[in-house]
Amino acid sequence: LSETYFAPRVTLDDFEAAALTALPKSAFEYLAGGSGYDVTLRRNRSAFDNVEILPRILTDVSSLTTKVFFFGREHRFPVLMAPTAFHRLFHLNGEAETIRGVNQTGTTLVASSFSTTSFEDMQAASTRPLWFQVYVHPDRGFTRELVERVVAAGAEAICVTVDLPTNAARDREARAGFEVPPGMSRVNLERLSANAAHALHSSENGLYNSVRAANVTWSDIEKLRSYLRIPLLLKGVLRAQDAITAQKVGCEGVIVSNHGGRALDGVPATFRVLPEIADHVGDTLVVMCDGGIRRGTDVLKALASGAQAVFIGRPYLYGLAVDGASGVTRVIEILYAEFAMAMGLSGCASIAEINATLLLKRY
Ligand code: FNR
Ligand code: LAC
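Residues numbered from 1 in each chain as written. Chains lettered and ligands numbered in written order. Predicted model: local features only at pLDDT ≥ 70, side-chain atom pairs only at ≥ 80, totals over all residues. Heavy atoms only, no water.

## Points about the overall build of the chain
Move 1: Within the chain, the regular secondary structure consists of 14 helices and ten strands.
Move 2: Whereas a compact globule of 363 residues would reach a radius of gyration of roughly 21 Å, the chain reaches 19 Å, a difference of no more than 12%.
Move 3: In the chain, which comprises 363 residues, the proportion classed as buried is 57%.
Move 4: In the chain, the share of contacts with a sequence separation of at least 24, taken over all contacts with a separation of at least 6, comes to 72%.
Move 5: Carbon and sulfur atoms make up 52% of the accessible area of the chain, which totals about 14600 Å².
Move 6: Distance between charge centres in the chain, computed from 36 positive and 38 negative side chains, equals 2 Å. (Helix = DSSP H or I, 4+ residues; strand = E, 2+ residues; numbered from the N terminus. Rg over C-alpha atoms; globule rule 2.2 N^0.38 Å. Buried < 20%, exposed > 50% of the residue type's maximum accessible area, 1.4 Å probe, protein only. Contact = heavy atoms within 4.5 Å. Areas by Shrake-Rupley, 256 points an atom, 1.4 Å probe, with all protein chains shown as cover. Lys, Arg positive; Asp, Glu negative; His and termini not counted. Charge placed at Lys NZ, Arg CZ, Asp CG, Glu CD.)

Set out below in structure tokens:
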């Protein structure tokens, strides 16, 4: 283990550096990589750095609160854990370890349909209701069965991911020879088909093809909406027009996302398209955003641009890889402390005071 591994970990980036040492190369490349030239992956970050905050001075921030409220529940601060696949790649105990870490923080995790632990077991271990992420599968009957199963187990919202209708050019993971080791399976998908649960080699492009449909359209979203009794969020929206359609078909929220730069390389940073989407649907839908959030100031900037909350993906997995549950907790607590600091230093005592006037210019 290198010096980086033992150095004090002060920021989320420090956990990434430590994860590079802690993980086998193929797992690290799967986790950290984007697609193509990683152009979108880099843009997700640089977009935040390109926008400046204009603090309000001489406001009383002595009773600062980071609390927010959406979908009928209070959240300690406006950050949730994005759905991410295969936690057993990053820790022996997989999702159970992640949940132990998240439980300490009072934040909400979105369980991935590609988890290596069943949703039921995840929900049983979680102190808060989880959200669930789903793809529309080739077998629509199975998709419905799965969604109804997780709702029965206590899921509080469903995120349907729509930005990967076909495979992406995951060059880094392919070059590193990434494959999901035998013995790890997508247990939620066991009943979909004979081999759906057991991941195939990524260079054969078989990891997703067998389980995900390429013919998903708005009518699938309408159908999902018609039988679901809990909020439905569309994950992977980059165009305002699509957010408007999401609203028309009855979605309660949209997640402005480019899959963390892992789907189509060359699409804009999510932070860049967020303001226009929020302008169009922000009054009626819960607008959320993910991609490249690494600092409390990024959270502040996203909220000032119209998001009600944001998600982090890779950072809590770096925490999981480096230090298990306590790494997960630590990553979230660092972000919480940074966000509270960013609010205080910019003169905001409550979330309602974070608005577009906090930014020198919108993206
Ligand atoms: C993901 N993401 C993802 N999204 C999804 O809808 N279902 C999934 O199973 C996964 N799996 C997954 C695995 C890994 C290793 C990563 C890094 C990401 C995308 C995720 O939900 C989110 O959109 C991004 O991770 C957000 O960007 P950052 O925070 O990682 O920059
Ligand atoms: C990924 C898939 C699982 O980004 O969503 O790896």
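## Examining the environment of aspartate 14
Move 1: Summarising the element assignment, aspartate 14 is placed in helix H2 (residues 12-22).
Move 2: Judged by its relative accessible area of 26%, aspartate 14 is partly exposed.
Move 3: Setting aside residues no more than four positions away along its own chain, aspartate 14 makes contact with Pro8 and Arg9.
Move 4: There is a polar contact of 2.7 Å between the side chain of aspartate 14 and the backbone nitrogen of valine 10. (Polar contact = N/O pair within 3.5 Å; in protein donor to acceptor, adjacent residues only side chain to side chain.)

## Description of the site of ligand 1
Move 1: Around ligand 1, 23 residues are found, and the nearest of them are Pro83, Ser112, Thr161, Asp290 and Arg294.
Move 2: Here an oxygen atom of ligand 1 and a side-chain polar atom of serine 112 are 2.7 Å apart.
Move 3: Threonine 161 is positioned with one of its side-chain polar atoms (N or O) 2.7 Å from an oxygen atom of ligand 1.
Move 4: Taking 600 Å² as the accessible area of ligand 1 by itself, protein coverage stands at 98%.
Move 5: According to the grid-proximity analysis, the pocket containing ligand 1 is the largest cavity. (Near = heavy atom within 4 Å. 1 Å grid on protein atoms, 1.4 Å probe; cavity = no way out; pocket = protein on both sides within 12 Å on 5 of 7 lines; lining within 4 Å. Sits in = over half its atoms within 2 Å of the grid points.)

## A look at the site of ligand 2
Move 1: Near ligand 2 you find Tyr30, Ala85, Phe114, Tyr135, Arg170, Tyr208, His259 and Arg262, and these make up its full shell.
Move 2: Between ligand 2 and tyrosine 30 there is a distance of 2.6 Å, counted from an oxygen atom to a side-chain nitrogen or oxygen.
Move 3: Relative to its unbound accessible surface of 220 Å², ligand 2 loses 91% to contact with the protein.
Move 4: The site holding ligand 2 turns out to be the largest cavity.

## Some remarks on the layout of surface pockets
Move 1: For the largest pocket, the calculated volume is near 510 Å³.
Move 2: Along the walls of the largest pocket sit 24 residues, with Val162, Asp163, Leu164, Pro165 and Gly236 positioned nearest its centre.
Move 3: Listing elements by their share of the lining of the largest pocket, those giving two or more residues are helix H10 (218-227) and strand S7 (232-237).
Move 4: Looking at the lining of the largest pocket, the element that brings in the most residues is S7, giving three residues. (Points joined across faces, edges and corners; volume = space filled by probe spheres on them.)

## Observations concerning the side chain of glutamate 156
Move 1: Note that glutamate 156 resides in the loop between helix H7 (140-152) and strand S6 (158-161).
Move 2: There is a polar contact of 2.7 Å between the side chain of glutamate 156 and the side chain of arginine 73.
Move 3: Among all residues touching glutamate 156, those that are not within four sequence positions of it are Arg73, Pro129, Leu130, Trp131, Ile230 and Pro231.

## Overview of the packing of aromatic side chains
The relation between two aromatic rings is expressed through the spacing of the ring centres and the mutual angle of the planes.
Move 1: Under the criterion given, the structure shown has 14 aromatic pairs.
Move 2: Their ring planes at 85° and their centres at 6.1 Å tell us that phenylalanine 70 and phenylalanine 71 sit as a pair that is edge-to-face.
Move 3: The class of phenylalanine 70 is buried, set by a relative accessible area of 3%.
Move 4: Judged by relative accessible area, which is 22%, phenylalanine 71 ranks as partly exposed.
Move 5: Its guanidinium or amino end placed over the ring of phenylalanine 114, arginine 186 lies 4.6 Å from that ring's centre, counting from NZ or CZ.
Move 6: A cation over an aromatic ring shows up here: lysine 361 above the ring of tyrosine 363, its NZ or CZ 5.8 Å from the ring centre. (Phe/Tyr/Trp six-rings, centres within 6.5 Å; stacked < 30°, edge-to-face > 60°. Lys NZ or Arg CZ within 6 Å of the ring centre and 35° of its normal.)

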